[in-house]
Amino acid sequence: MVFIAFLFHKSAALCICFYPLYHYCSIIMTIFISIILMICSRILVNYFFEAFAPHQLHAIHGYFLGGGYKLFFHLCIIIIVLFFQVQTKYFDSESRHLLPILILGVTLPFVFGMHFGIRLSFYCLIFEVVLLPNLLQNKKIKKLYKVAIILLFIIYPLVSIFRSSLHPIKDEFLPYRCVLFTDTTVFK
């Protein structure tokens, strides 16, 4: 699957590291690796982009604003999940294996910069789709944690729409329009 995804976009090669992260890395080891990656980020980024994609160096050294609230959203979810698991001492095997991938996903924007790092991090953060329903259906979870996670998912699209409405270059979907009430001839 990684090879097929790589044929469509080169950044999918990041998914090769998911197997060892899932099977062999603990949460503490991943946090330690993430800290080392953030400390050595300049060296890693310059080597990686000079060797493989020198035309992308402007994305690292330039100032690309935006996207920080997306990273903040995922960081809040991971902190809530970790806090829940430490408080309740509930570590099922699935969450124990998925959390290292999610922790790496939150780290990547700090290593590769917001422009490229957020794109890479979404490969990792998609595993929230597997982790969160598994945790929310557990009977040991207090309602406070369930409400906190659900509120984050309610707030995220609202913040995204609000931030996009403030951006000087308007998105074609703002103000939000339903496909049933718009001119659909442009889709044909």
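Look up a bit, the structure's there.
What counts and how
- Residues numbered from 1 in each chain as written.
- Predicted model: local features only at pLDDT ≥ 70, side-chain atom pairs only at ≥ 80, totals over all residues.
- Heavy atoms only, no water.
- Helix = DSSP H or I, 4+ residues; strand = E, 2+ residues; numbered from the N terminus.
- Buried < 20%, exposed > 50% of the residue type's maximum accessible area, 1.4 Å probe, protein only.
- Contact = heavy atoms within 4.5 Å.
- Areas by Shrake-Rupley, 256 points an atom, 1.4 Å probe, with all protein chains shown as cover.
- Axes fitted to C-alpha atoms, helices over the stretch in contact; angles between N-to-C directions.
- Parallel < 35°, antiparallel > 145°, perpendicular 65-115°, else oblique.
- Nonpolar A, V, L, I, M, F, W, Y, C, P; charged D, E, K, R; others polar.
- 1 Å grid on protein atoms, 1.4 Å probe; cavity = no way out; pocket = protein on both sides within 12 Å on 5 of 7 lines; lining within 4 Å.
- Points joined across faces, edges and corners; volume = space filled by probe spheres on them.
- Arc of directions from axis to C-beta.
- Core = buried A, V, L, I, M, F, W, Y, C linked by side-chain atoms within 4.5 Å.
- Left-handed = near helix turned anticlockwise from the far one by under 90°.
- Disulfide = S-S within 2.5 Å.
- Expected span 1.5 Å × (residues − 1).
- Polar contact = N/O pair within 3.5 Å; in protein donor to acceptor, adjacent residues only side chain to side chain.

Peer 1: Mind showing me how you'd approach the overall build of the protein chain here?
Peer 2: Secondary structure assignment for the protein chain yields 9 helices and 0 strands. In the protein chain, the order of α-helices and β-strands from amino to carboxyl end is α-α-α-α-α-α-α-α-α. Scored against the burial criterion, the 188 residues of the protein chain give a buried share of 35%. In the protein chain, the share of contacts with a sequence separation of at least 24, taken over all contacts with a separation of at least 6, comes to 69%. Here the protein chain displays about 12600 Å² of accessible surface, and carbon together with sulfur accounts for 73% of that area.

Peer 1: What exactly am I supposed to notice about the packing of helix α3 (residues 27–39) against helix α7 (residues 93–125) here?
Peer 2: How two helices pack is summed up by the angle between their axes together with the distance between the axes. In the contact formed by α3 and α7, the axes pass within 9 Å of each other and the chain directions differ by 10°. Judged by the inter-axis angle, α3 sits roughly parallel to α7. Every residue of α7 that contacts α3 at Ile 27, Thr 30, Ile 31, Ser 34, Leu 37 and Met 38 is listed here: Arg 96, Leu 99, Pro 100, Ile 103, Leu 104, Thr 107, Phe 110 and Val 111. The class makeup of the residues in the contact of α3 with α7 is 10 nonpolar, 3 polar and 1 charged.

Peer 1: It is not clear to me how empty space enclosed by the protein should be interpreted in this structure. Could you clarify?
Peer 2: Where empty space is left can be seen by rolling a probe of water-molecule size over the atoms. One pass over the full model with this rule turns up 1 cavity of 30 Å³ or more. In this structure, the largest cavity occupies an estimated 40 Å³ of space. Put simply, the parts of the chain that give the lining of the largest cavity at least two residues each are α6 (68–88) and α9 (143–166). Ranked by residue count, the leading element in the lining of the largest cavity is α6, at 3 residues.

Peer 1: Mind showing me how you'd approach helix α8 (residues 128–136) here?
Peer 2: The periodicity of an α-helix, 3.6 residues per turn, causes residues three or four places apart in sequence to face the same way. Those residues of α8 that sit buried are Glu 128, Leu 131, Leu 132, Asn 134 and Leu 135. For α8, the angular spread of the buried residues around the axis is 165°, confining them to a single face.

Peer 1: In this structure, what is going on with the nonpolar core? I would like to understand it.
Peer 2: It is characteristic of soluble globular proteins that their nonpolar side chains tend to be buried jointly. Counting residues in hydrophobic clusters, the biggest one holds 22 residues, and the most contacted among them are Ile 78, Val 81, Leu 99 and Leu 131. Elements represented by at least two residues in this core include exactly α6, α7, α8 and α9. Top contributing element to this core by residue count: α6, with 8 residues. In this structure Ile 78 touches Leu 99, Leu 102, Ile 103, Val 106, Leu 125 and Glu 128, once residues within four positions along its chain are discounted. Leu 14, Cys 25, Val 111 and Phe 112 belong to the second largest nonpolar core, which has 14 residues in total.

Peer 1: Would you mind showing me how to read the packing of α7 against α8 here?
Peer 2: The interhelical angle for the contact between α7 and α8, taken along N-to-C directions, is 140°, at an axis separation of 9 Å. Accordingly, the angle class assigned to the pair α7 and α8 is oblique. Regarding α7 and α8, the two cross each other, and that crossing is left-handed. For the pair α7 and α8, the contacting residues are Glu 94, Ser 95, Leu 98, Leu 99, Leu 102 and Leu 125 in the first and Glu 128, Val 130, Leu 131, Asn 134 and Leu 135 in the second. Classifying every residue of the contact of α7 with α8 by side-chain character gives 7 nonpolar, 2 polar and 2 charged.

Peer 1: Just to check I follow, could you spell out the state of the cysteines for this structure?
Peer 2: Covalent bonding between the sulfur atoms of two cysteines is what defines a disulfide. According to the stated counting rule, one finds 0 disulfides in the structure shown. Cysteine Cys 25 shares no disulfide, and the gap to the nearest cysteine sulfur, in Cys 17, comes to 9.0 Å. A relative accessible area of 17% means that Cys 25 is categorised as buried.

Peer 1: It is not clear to me how α9 should be interpreted in this structure. Could you clarify?
Peer 2: The end-to-end C-alpha separation of α9 is 34 Å, in line with the 34 Å expected for 24 residues at 1.5 Å each. Those residues of α9 lying buried are Tyr 145, Ile 149, Leu 152 and Ser 160.

Peer 1: Just checking my understanding: could you explain the side chain of Thr 107 for this structure?
Peer 2: One can find Thr 107 in helix α7. In terms of polar contacts, Thr 107 uses its side chain to reach the backbone carbonyl oxygen of Ile 103, at 2.8 Å. Setting aside residues no more than four positions away along its own chain, Thr 107 makes contact with Ser 34 and Met 38.

No statement about biological role is implied by the geometric values presented.
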